[in-house]
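Below are the chains, spelled out letter by letter.
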Amino acid sequence: MKRRALLLTAAGAMLGASLPAIAATPDVSPPAGAAKPLDVDALLHDPQTPTFGNAKGDVTIVAFFDYNCGYCRKSLPELERLVNEDGKIRLVYKDWPILAESSVVAAQLALAANYQDKYVLAHKTLMNLPGKSSTERMSEALADAGIDRAKLAKDLKAHAGDIGALLKRNNEQAEALGLPGTPVYLVGPFKVAAALDYQGFKDVVDDARARAAEK
């Protein structure tokens, strides 16, 4: 598949300076059922959202994914490899559990692991499990990977409200962007609604840097 066919650029998909944060008018409520306006700063810099890579990188990639998504399992390790090797990319993880109830449980467990600074480890562990694993299987796998299971359960309970609110914000952002499903990667100004391999991600990052250099 040619990379150019995967790059969808539109006003709703452009980020950074080309898409200013939009706030709802205080005295005007959006129509019932309408997606909330996109707050770009919240999309890119939510303090509770796990990140990976270079915090001061010249390219930010926002990844919307579901742990039960086979395409996510295939493409995210390729992206993480690029982030490690490139050294100048900031990766923002957007847990978007939309495929099954077990997707929600997996996202909750991964985000709870962030309270012991082990989100990335939990993320990789859950991505390597068979689809729709039981809660017990997921919890066991996380413990086997080196995550404190007792603390995980404690944090999951203590921070349930914050975790739920974060997942709600992620969903609202996905709806505001009109995302079709998982995976979706926002790479600089580009929206890529497809699973890419290492070279595919590298090409899009190169394009994002070239676009930034034109400004």
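Okay, so let's go over this structure.

Reading the values: the criteria
Residues numbered from 1 in each chain as written. Predicted model: local features only at pLDDT ≥ 70, side-chain atom pairs only at ≥ 80, totals over all residues. Heavy atoms only, no water. Helix = DSSP H or I, 4+ residues; strand = E, 2+ residues; numbered from the N terminus. Buried < 20%, exposed > 50% of the residue type's maximum accessible area, 1.4 Å probe, protein only. Contact = heavy atoms within 4.5 Å. 1 Å grid on protein atoms, 1.4 Å probe; cavity = no way out; pocket = protein on both sides within 12 Å on 5 of 7 lines; lining within 4 Å. Points joined across faces, edges and corners; volume = space filled by probe spheres on them. Nonpolar A, V, L, I, M, F, W, Y, C, P; charged D, E, K, R; others polar. Arc of directions from axis to C-beta. Pairing = 2+ DSSP bridges. Right-handed = clockwise from strand over helix to strand, strands pointing away. Axes fitted to C-alpha atoms, helices over the stretch in contact; angles between N-to-C directions.

1. So, the overall build of the chain
- Assigned secondary structure in the chain consists of eight helices and five strands.
- Taken from the N to the C terminus, the helices and strands of the chain come in the order α-β-β-α-β-α-α-α-α-α-β-β-α.
- Across the 215 residues that make up the chain, the buried fraction comes to 46%.
- Within the chain, contacts between residues separated by at least 24 positions form 75% of all contacts whose residues are at least 6 apart in sequence.

2. A few points about empty space enclosed by the protein
- Tallied over the full model, the rule gives one cavity of 30 Å³ or more.
- One number sums up the size of the largest cavity: a volume of about 70 Å³.
- In terms of lining residues, the largest cavity is bounded by Y67, N68, R73, S102, A106, L126, L129, P130, K132, S133 and M138.
- For the lining of the largest cavity, a count of residues per class yields six nonpolar, three polar and two charged.

3. Some remarks on helix 5 (residues 135–144)
- Within helix 5, burial applies to M138, S139, A141 and L142. For helix 5, the angular spread of the buried residues around the axis is 160 degrees, confining them to a single face.

4. A word on the pairing of strand 3 (residues 89–95)
- A large share of strand 3 lies buried, amounting to seven of its seven residues.
- Of the two faces of strand 3, the one lined by I89, L91, Y93 and D95 and the one lined by R90, V92 and K94 are each fully buried.
- The sheet contact formed by strand 1 (residues 51–53) and strand 3 spans three bridges and is antiparallel. In the strand pairing of strand 3, G53 is matched with R90.
- By the bridge criterion, seven bridges tie strand 2 (residues 59–65) to strand 3 in an arrangement that is parallel. Looking across to strand 3, one finds that V59 is bridged to I89.
- A crossover connection joins strand 2 to the parallel strand 3 through helix 2 (residues 70–86); in handedness this β-α-β unit is right-handed.

5. Points about the sheet that holds strand 4 (residues 184–187)
- Taken together, the five strands give an open sheet; going across it, the order is 1-3-2-4-5, and neighbouring strands pair in mixed fashion. Unpaired on one side and paired on the other, strand 1 and strand 5 (190–192) mark the two borders of the sheet. The sheet shows a mean angle of 20 degrees between the axes of neighbouring strands, direction not considered.
- Pairing geometry for strand 4 and strand 5, over three bridges, is antiparallel. Bridge pairing in strand 5 links V187 to F190.
- Docked against the sheet, helix 4 (residues 119–127) engages strand 1, strand 2 and strand 3, running at close to 60 degrees with respect to strand 3.

6. Brief notes about the pairing of strand 4
- Neither face of strand 4 is left uncovered, since the one carrying V184 and L186 and the one carrying Y185 and V187 both have all their residues buried.
- For strand 2 and strand 4, the ladder comprises four bridges, and the chain directions are antiparallel. By the bridge assignment, A63 is partnered in strand 4 with Y185.
- In this structure, the hairpin formed by strand 4 and strand 5 is closed by a connection of two residues, where G188 is found at a positive phi of approximately 55 degrees.

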